[in-house]
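What follows is the residue order along each chain.
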Amino acid sequence: MTTEESFTPISNLLKLLNIEHILDEVDKNSFFPLKVPSSFVDKIEKNNPDDPLLKQILPLKSELENVDGFTPNPVQETEFMPAVGVLHKYYGRALVIVTQKCSIHCRYCFRKHFPYSENNAEKEQWKSAIEYIKSDTSISEVILSGGDPFSISDAKLSYLLEKINEISHIEFIRFHTRFLPTIPNRITDNLIKILEVYSNKISIIFHINHPNEIDEKLAEKVKLIRNTGIIVFNQSVLLHSVNDNIDILSNLSKKLYKSGIVPYYLHFLDKVQGASEFFVSENIACELISQMRKTLPGYLIPRLVRENAGDMSKEYMPINSRLTKNIG
Ligand code: SF4
C-alpha cells in the first residue's frame with residue numbers, strides 16, 4: 001500500500017525514545033498490542049514518558065484493572081447490526097465496518113473489544129452490507145468506518161465506492177480515518193483519483209487528538225484532498241493527560257484550521273474497559289469548551305458530544321448558558 005508500514009516493536013520503541021526505564025509499566029502481552037507506524041513515532045518527543053502521542057499508543061499494565069462503569073462494549077453497537085458489518089442505529093445513516101485493520105492501535109479505542117470475526121463486512125466483500133443498504137431507502141448516508149477504511153487496497157476501495165454510488169438513495173458517503181496523522185503517505189495520487197470521482201458525495205472526518213500530530217506533510221495531503229472539492233472535518237476524543245487542557249485544545253483547533261480542516265467534534269470518552277485513565281469528567285469537559293469560547297471564534301470551537309447506548313443520535317453536551325452568549 002505505502003512504503004511506510006513499518007511498525008515498531010515495543011522494546012525498540014522504548015529504546016528509540018530513550019525511556020527504557022518504564023518497561024516494567026508496559027503490558028507486553030496485551031490482547032490489543034502496540035501498533036504504531038514509524039511516521040507517528042517520529043512525532044513523539046524523546047526522553048518523555050508523558051508525551052501525549054505516546055500515551056495514546058503505549059499499552060500499560062494499568063489497563064488491566066477493572067474499573068466500575070468501564071465495559072467491553074460501552075455503546076452496545078452489536079445490538080444494532082441488521083447485516084454483517086452494518087451498524088444501523090441512527091435514522092438515515094448506516095455505518096459499515098469496512099475492515100478490522102487500522103494504521104495504529106489507540107489505547108482508548110471503543111471498538112478494541114469489538115467482535116470483528118462475526119461483524120466485519122470485508123470477510124464477504126461487503127455483499128450483505130450493500131444489499132442491506134440497497135433495501136432500505138430511508139438511508140441517505142453511508143459511513144465508512146472500521147477499523148480504518150483507508151486500510152483496504154485502492155482496488156477494493158474503488159469497488160466499494162462504485163457499489164455504494166450505484167444505490168440511488170445514497171446522497172452522502174462519509175469516511176472516518178486516522179491515516180492522515182499516522183501514515184500520511186497513504187494519501188497517494190491514486191487514492192485521490194479514486195475519491196475525486198465521488199467528490200460531490202464524500203466527506204472525510206479525520207481523527208486527530210493533539211496538535212503535535214499535525215505537521216507540514218499532513219497539511220500538504222489535506223490540500224490534495226480539498227482540491228477535489230471534498231469537505232474535511234476533524235473529530236477528537238477528549239483524553240486525560242493528552243488534550244484535556246485549554247491551551248492544547250485551542251492550539252489543536254488553530255492548527256487544524258490552518259491545515260484546512262474544520263474542528264467538528266470533541267468526543268467525550270466512551271467508557272471502554274481498560275481506558276479509565278483517559279477519563280475526563282463532564283464538568284471539566286464543559287468548562288474547557290466554555291473557556292475556548294472566551295478566546296476563540298465560533299468556527300474554532302468543536303461540538304462537545306457523547307454517545308449514549310441506545311440513543312437515536314449523539315448527545316450534544318450542554319455548556320454553561322451564560323458563556324454561550326459570548327460565541328463570536
Ligand atoms: S484508528 Fe480508530 S478504530 Fe483503529 S484503534 Fe484507533 S480509534 Fe480504534
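Cut-offs used in this document
- Residues numbered from 1 in each chain as written.
- Predicted model: local features only at pLDDT ≥ 70, side-chain atom pairs only at ≥ 80, totals over all residues.
- Domains from an automatic or database assignment.
- Contact = placed C-beta atoms within 7 Å.
- Helix = DSSP H or I, 4+ residues; strand = E, 2+ residues; numbered from the N terminus.
- Nonpolar A, V, L, I, M, F, W, Y, C, P; charged D, E, K, R; others polar.
- Axes fitted to C-alpha atoms, helices over the stretch in contact; angles between N-to-C directions.
- Parallel < 35°, antiparallel > 145°, perpendicular 65-115°, else oblique.
- Left-handed = near helix turned anticlockwise from the far one by under 90°.
- Near = placed C-beta within 6 Å.
- Pairing = 2+ DSSP bridges.
- Right-handed = clockwise from strand over helix to strand, strands pointing away.

(A) Region of the structure containing the domain arrangement of the protein. Examined at the domain level, the protein breaks down into domain 1 (10–64) and domain 2 (77–324). Put simply, the middle of domain 1 and the middle of domain 2, counted by C-alpha atoms, are 24 Å apart. Contact with domain 1, which involves 18 residues of that partner, is made by 20 residues of domain 2. Where the side of domain 1 that touches domain 2 is concerned, the elements lending two or more residues are α2 (38–41) and α3 (52–57). Looking at the side of domain 1 that touches domain 2 element by element, the count peaks at five residues for α3. Tallied by class, the residues present in the side of domain 1 that touches domain 2 amount to ten nonpolar, three polar and five charged.

(B) Molecular detail of the packing of helix α9 (residues 246–258) against helix α10 (residues 282–295). Remark: α9 packs on α10, axes separated minimally by 10 Å, with the N-to-C direction vectors making an angle of 55°. Relative to α10, the element α9 is oriented oblique. Where α9 crosses over α10, the handedness of that crossing is right-handed. In contact with I246, L249 and S250 of α9, α10 contributes L288, Q291, M292 and T295. Class assignment of the residues belonging to the contact of α9 with α10 gives a composition of four nonpolar, three polar and no charged.

(C) Structural view of the site of the ligand. Close to the ligand lie C102, I104, H105, C106, C109, R111, G146, G147, D148 and R178, which account for all nearby residues. Split into classes, the residues belonging to the shell around the ligand amount to four nonpolar, three polar and three charged.

(D) Structural detail: the pairing of strand β7 (residues 262–267). Inspection of the sheet shows strand β6 (residues 231–237) paired to β7 by five bridges, in the parallel sense. By the bridge assignment, S236 is partnered in β7 with L266. Running through α9, the crossover from β6 to the neighbouring parallel element β7 is right-handed. Where β7 lies against strand β8 (residues 303–306), three bridges are found, and the strand directions are parallel.

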